[in-house]
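Listed below, chain by chain, are the residues.
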Amino acid sequence: MSERDEYSLHLAGLQERIEKALAGYFPPAEDGKNGLREAMRYSLLAGGKRIRPVLCLEFCRVCGGDVERCMPIACGIEMLHTYSLIHDDLPCMDDDDLRRGQPSCHKRFGETTAVLAGDCLQAEAFEAICAASLSDGQKMRCCRLLANAAGLAGICGGQHTDLSAPASAEAMVATEVDKTATLLAAACAMGAAAAGASPETERAALQYGLLVGLAFQLRDDVLDGDGLCALLGADSCNAMASGNTQKALEQLDFFQDTGFLRWLTVKLAGRET
């Protein structure tokens, strides 16, 4: 078996385990809230490559942690990511009727339920982390990293800036870091934190995630022909993405057994995943 095939199988295995763990959340129950549970489950299990939880589990592994104990952390990240997608699709935000080829949450369940489903998934993300079989210190660090990625310095702040239509390249880069890269970076750092890694190791994981997250978004802009691509052109965006990818690979020198992560980094930068 080639190295590429081995890494592809490893990725598929992680995705399968994550999908199974996510499916265990929010089953129907006799509590009068099944409509809300259905909306949450519909969006949470609507597909996707689960890259953020994959990175969380993999950084936990390369930092010497227990991947199974980290699974609730990874699931919490995906819950918060799903909340951001539900709210991003709302008519008052990006106003998208489809998400991954299916009706977006507000088109399927109505705007009120969609707003509540997003709100609830954000809260349940922290509940999942707090329920993990890790030390209180590890869970507290994971909660703080996720909160920082979700709030003013992350998704919410980035969405507000994005809706204000920033005109300069610098403002658009900052927006894309906030909206996309911060959560991906938090996923990496949370994996390290769940393993009990040192602050220096955690910072290296965070920096890797920021670099990969921006490269990922730049390639996405090129594919869609919008965002920074519309302002700077495809060649400039591709060059920026390549530079960030190389810097991300250099950050992995801080860790051991990073073959899979290096392979995944290149795939993400090329938007092959």
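About the criteria used
Residues numbered from 1 in each chain as written. Predicted model: local features only at pLDDT ≥ 70, side-chain atom pairs only at ≥ 80, totals over all residues. Heavy atoms only, no water. 1 Å grid on protein atoms, 1.4 Å probe; cavity = no way out; pocket = protein on both sides within 12 Å on 5 of 7 lines; lining within 4 Å. Points joined across faces, edges and corners; volume = space filled by probe spheres on them. Helix = DSSP H or I, 4+ residues; strand = E, 2+ residues; numbered from the N terminus. Nonpolar A, V, L, I, M, F, W, Y, C, P; charged D, E, K, R; others polar.

Once that is clear, we can look at the layout of surface pockets. Of the voids in this model, the largest pocket is the one considered here, and its volume is about 1,200 Å³. The wall of the largest pocket is formed by 43 residues, among which Leu-85, Asp-88, Lys-179, Thr-180 and Gln-217 lie closest to the centre. Elements with a minimum of two residues in the lining of the largest pocket: α3 (51-62), α4 (67-89), β1 (98-99), α8 (155-163), α9 (169-194) and α10 (199-224). With 8 residues, the top contributor of residues to the lining of the largest pocket is α4. Residue composition of the lining of the largest pocket, grouped by class: 14 nonpolar, 11 polar and 18 charged.

This part takes up empty space enclosed by the protein. By the definition in use, this model includes 1 cavity of 30 Å³ or more. Within this model, the largest cavity holds a volume of roughly 100 Å³. Around the largest cavity sit 13 residues that line it, and Ser-43, Ala-46, Ile-86, Asp-89 and Arg-99 are the ones nearest its centre. Only α2 (34-44), α4 and β2 (102-103) provide two or more residues apiece to the lining of the largest cavity. The element best represented in the lining of the largest cavity is α4, accounting for 4 residues. Of the residues contributing to the lining of the largest cavity, the split by class is 6 nonpolar, 4 polar and 3 charged.

These figures come from the coordinates and say nothing about function on their own.
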